[in-house]
Amino acid sequence: EVQQREFGREAMIRRAWRSARGCGLRLASSEAVRYSNVEVARVPEMAKMLGLQRELKRGAAAVRVMDRAVSSALIATLQRIEHGEAGARQDEDWECGECGFVNYASKSKRMFCAKCGSPRSTLPTRRAYMLTGSRGTGKSMTLARVVQFARDRGWVAVVVPSAWHYVNMGHWVSPSEMTSGKYEQPHGALDVLRWTLEANRRESLEAIELTEERKERWGATNVAGLLEAALADERSEDASSAVNDLVAELRDASAVPVLLAVDEISSWFADKIDHWFGGKRLSPDDIAGVDLVKAPLLDPDFAFRRGFALYADTTSRPVKLPRHFRQLLSHMPVELRVAPFTDLELRAAVDWYCDAMHIDKPIDTPYFNSLLMITQRNPLAVYEHMLTAAFDLHDDEANLDYEVNPRLGKQQQQ
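Residues numbered from 1 in each chain as written. Predicted model: local features only at pLDDT ≥ 70, side-chain atom pairs only at ≥ 80, totals over all residues. Heavy atoms only, no water.

## Quick look at the sheet that holds strand E13 (residues 335–337)
Logical step 1: Taken in spatial order, the five strands of this open sheet run E6-E9-E12-E5-E13, and their pairing is parallel. Lying at the two open borders of the sheet, with one neighbouring strand each, are strand E6 (156–160) and E13. Within the sheet, the average angular offset between the axes of one strand and its neighbour, ignoring direction, is 20°.
Logical step 2: Bridge analysis of strand E9 (residues 258–263) against strand E12 (residues 307–312) gives six bridges, and the strand direction is parallel. (Pairing = 2+ DSSP bridges. Helix = DSSP H or I, 4+ residues; strand = E, 2+ residues; numbered from the N terminus. Axes fitted to C-alpha atoms, helices over the stretch in contact; angles between N-to-C directions.)

Next comes the structure, spelled out in structure tokens:
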């Protein structure tokens, strides 16, 4: 039944595309839609952030990202913190710039409009922000865009690209000798430490001095030395505790601003993970560092002295946020909803995909309306259906090959 339903959807897309052939109208994108390139060298964590798109973009030096309202609002907040403008922590009444609806602070503390869902143009200062939205709306891409902007301006950004992989992958766990009552799972922690050392500016890492306790523990004087010591072969088994100490040091850092970013954070609210020890199945909080990394989201007393934390929810994993947490989340003053494309963004994306995929056939308004209906403006769905349309353009070439070798099916020819 699932296969038949998927086949029906693809057939509808092909019919809509064929009906649009032969028309001379080309959609015109507005100059208001801007793009940025997120470089893999600056955000190497993207290799584990983007899932399927990672395979499609393998070998590329950069990923093209549309500058959307959520990322622009977060970047503005980042610049405000960088310049020492803390901003108001109290909620105020605000008027939505998109629909004009007045959102009252006494009714809701949300970061987006209660009527149209648009984010606030100026975000109030919070210890953390959480990106939510359906699968494919661009939460991971927004997170990557903000991380690169921060690193380019000298921030120290620590990124956990996949919270699920961080606690579930790896071949073994062992009791931690450095963090009492916790377990070491170095598989994901070593990646986080290595990327933090390689992708951030060296002078920014050296500017953050360690406390006396951690100087003695790691034999280093600053964060750069801590990362190098933790990545050494003889200390690699303590990688999870190293992440815990790293976040603890960044919490009180004032020499440079810091950003903590975690994707798929909902995976850390599961009851259990795929690791056992001593006949007991572990939970995410049993891994050293996990409770401290997600503390800005839950603990009102935990805040970075100069910086903030940025989390992204996920609907791609079987583990979802607990029901009680999800019920509170829509009213918590940390949620930023990543909405589907607007009509303007969708038109710009279609035009860009036509150029990138060498689709020379024009797109008319009926096809655009059918694409809007099928994809519901979801960015990932728009990409997948435009890719289907690009393959459909090669039907004529496939027919020629089919006449030469009739033993091969049409799909095999494509």
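## Some points on the confidence of the model for the chain
Logical step 1: With 76% of its residues at a pLDDT of at least 70, the chain reaches an overall mean of 79.
Logical step 2: Under a pLDDT of 50 for its full length, residues 2–7 has, in the predicted model, zero contacts with residues more than four places off or in other chains. (pLDDT = per-residue confidence, 0-100. Contact = heavy atoms within 4.5 Å.)

## Some details on the nonpolar core
Logical step 1: Of all hydrophobic cores here, the largest spans 54 residues; its most connected members are Tyr-166, Trp-268 and Tyr-311.
Logical step 2: The dominant element in this core, judged by the number of residues it contributes, is helix H11 (residues 239–251), at seven residues.
Logical step 3: With residues near it in sequence (within four places) discarded, Tyr-311 still touches Ala-128, Tyr-129, Met-130, Leu-131, Leu-260, Val-262, Ile-265, Val-293, Lys-294, Ala-295, Pro-296 and Leu-297.
Logical step 4: The next biggest cluster of nonpolar side chains, apart from the first, holds 33 residues, and it includes Met-49, Ile-81, Val-159 and Ala-312. (Core = buried A, V, L, I, M, F, W, Y, C linked by side-chain atoms within 4.5 Å. Buried < 20%, exposed > 50% of the residue type's maximum accessible area, 1.4 Å probe, protein only.)

## Comments concerning the packing of aromatic side chains
Logical step 1: Scanning the model with the defined rule gives eight aromatic pairs in all.
Logical step 2: Across the ring face of Trp-195, the terminal group of Arg-194 is positioned such that the distance to the ring centre comes to 5.8 Å. (Phe/Tyr/Trp six-rings, centres within 6.5 Å; stacked < 30°, edge-to-face > 60°. Lys NZ or Arg CZ within 6 Å of the ring centre and 35° of its normal.)

## Section: the environment of Trp-268
Logical step 1: Its location among the elements puts Trp-268 in the loop between E9 and strand E10 (276–277).
Logical step 2: Sequence-wise, Trp-268 and Val-290 are 22 residues apart; in three dimensions their C-alpha atoms are separated by 7.7 Å.
Logical step 3: Once residues within four sequence positions are removed from consideration, Trp-268 is found in contact with Val-160, Ala-163, Tyr-166, Val-167, Val-262, Pro-284, Val-290, Val-293 and Lys-294.

## Some thoughts on the layout of surface pockets
Logical step 1: Of the pockets and cavities examined, the second largest pocket occupies roughly 510 Å³.
Logical step 2: Along the walls of the second largest pocket sit 21 residues, with Ala-69, Glu-98, Ser-118, Pro-119 and Thr-342 positioned nearest its centre.
Logical step 3: Contributing elements (two or more residues each) for the lining of the second largest pocket: helix H4 (69–82) and strand E3 (94–95).
Logical step 4: At three residues, the largest contribution of residues to the lining of the second largest pocket is made by H4.
Logical step 5: The residue makeup of the lining of the second largest pocket, split by class, is ten nonpolar, five polar and six charged. (1 Å grid on protein atoms, 1.4 Å probe; cavity = no way out; pocket = protein on both sides within 12 Å on 5 of 7 lines; lining within 4 Å. Points joined across faces, edges and corners; volume = space filled by probe spheres on them. Nonpolar A, V, L, I, M, F, W, Y, C, P; charged D, E, K, R; others polar.)

## Description of the packing of helix H7 (residues 186–199) against H11
Logical step 1: It is at 8 Å that the axes of H7 and H11 come closest, and there the two elements cross at 45°. As the angle between them shows, H7 and H11 are arranged oblique. Regarding H7 and H11, the two cross each other, and that crossing is left-handed. Touching Pro-186, Ala-189, Leu-190, Leu-193 and Thr-196 of H7 are Ala-239, Ser-240, Ala-242, Val-243 and Leu-246, all from H11.
Logical step 2: A per-class count over the contact of H7 with H11 returns eight nonpolar, two polar and no charged. (Parallel < 35°, antiparallel > 145°, perpendicular 65-115°, else oblique. Left-handed = near helix turned anticlockwise from the far one by under 90°.)

## A look at the pattern of salt bridges
Logical step 1: Taken as a whole and assessed by the stated rule, the structure comprises 18 salt bridges.
Logical step 2: Arg-235 is paired through a salt bridge with Asp-238; the nearest N and O atoms lie 3.5 Å apart.
Logical step 3: Arg-377 is paired through a salt bridge with Asp-343; the nearest N and O atoms lie 2.8 Å apart. Within this pair, whereas Arg-377 is found in the loop between helix H16 (365–375) and helix H17 (379–392), its partner Asp-343 is found in helix H15 (residues 343–356), the two being separated by 34 residues in sequence.
Logical step 4: Judged by relative accessible area, Asp-343 falls into the partly exposed class, the value being 38%. (Salt bridge = Lys/Arg side-chain N within 4 Å of Asp/Glu carboxyl O.)

## What to know about H4
Logical step 1: When the terminal C-alpha atoms of H4 are compared, their 20 Å separation across 14 residues agrees well with the 20 Å that a helix rising 1.5 Å per residue should span.
Logical step 2: Three or more residues of H4 are buried, namely Val-70, Ser-71, Ala-73, Leu-74, Ile-75, Thr-77, Leu-78, Arg-80 and Ile-81.
Logical step 3: Just beyond H4, the residue with positive phi is Gly-84, at close to 80°. (Expected span 1.5 Å × (residues − 1).)

## Quick look at helix H10 (residues 223–231)
Logical step 1: When you tally the buried positions in H10, you get seven out of nine residues, the bulk of the element.
Logical step 2: Where the residues of H10 are buried, they touch H7, helix H8 (202–206), helix H9 (212–218) and H11.
Logical step 3: At the N-terminal end of H10, a side-chain oxygen is found 3.2 Å from the backbone nitrogen of Ala-224, two or three residues along, and the residue is Asn-222. (Polar contact = N/O pair within 3.5 Å; in protein donor to acceptor, adjacent residues only side chain to side chain.)

## A word on empty space enclosed by the protein
To find the voids left in a structure, one rolls a probe of water-molecule size over its atoms.
Logical step 1: Under the definition given, this model contains one cavity of 30 Å³ or more.
Logical step 2: In this model, the largest cavity occupies a volume close to 60 Å³.
Logical step 3: Every residue along the wall of the largest cavity is listed here: Lys-48, Val-160, Pro-161, Ser-162, His-165, Tyr-166, Gly-188, Asp-191, Val-192 and Trp-195.
Logical step 4: With four residues, the top contributor of residues to the lining of the largest cavity is H7.

## Looking at the pairing of E6
Logical step 1: Taken across its five residues, E6 has five buried, putting it largely inside the fold.
Logical step 2: Neither face of E6 is left uncovered, since the one carrying Val-156, Val-158 and Val-160 and the one carrying Ala-157 and Val-159 both have all their residues buried.
Logical step 3: Pairing of E6 with E9 involves five bridges; the strand directions are parallel. Counterpart to Val-156 in the pairing with E9 is Val-258.

## A few points about the packing of H15 against H16
Logical step 1: At a minimum axis distance of 12 Å, the contact between H15 and H16 shows a crossing angle of 110°. Between H15 and H16, the angle is such that the two are roughly perpendicular. As for the relative orientation of H15 and H16, their crossing is right-handed in sense. Residues Asp-343, Leu-346, Arg-347 and Val-350 of H15 touch H16, and the partners they reach there are Phe-368, Leu-371 and Leu-372.
Logical step 2: Here the residues of the contact of H15 with H16 are counted per class, giving five nonpolar, no polar and two charged.

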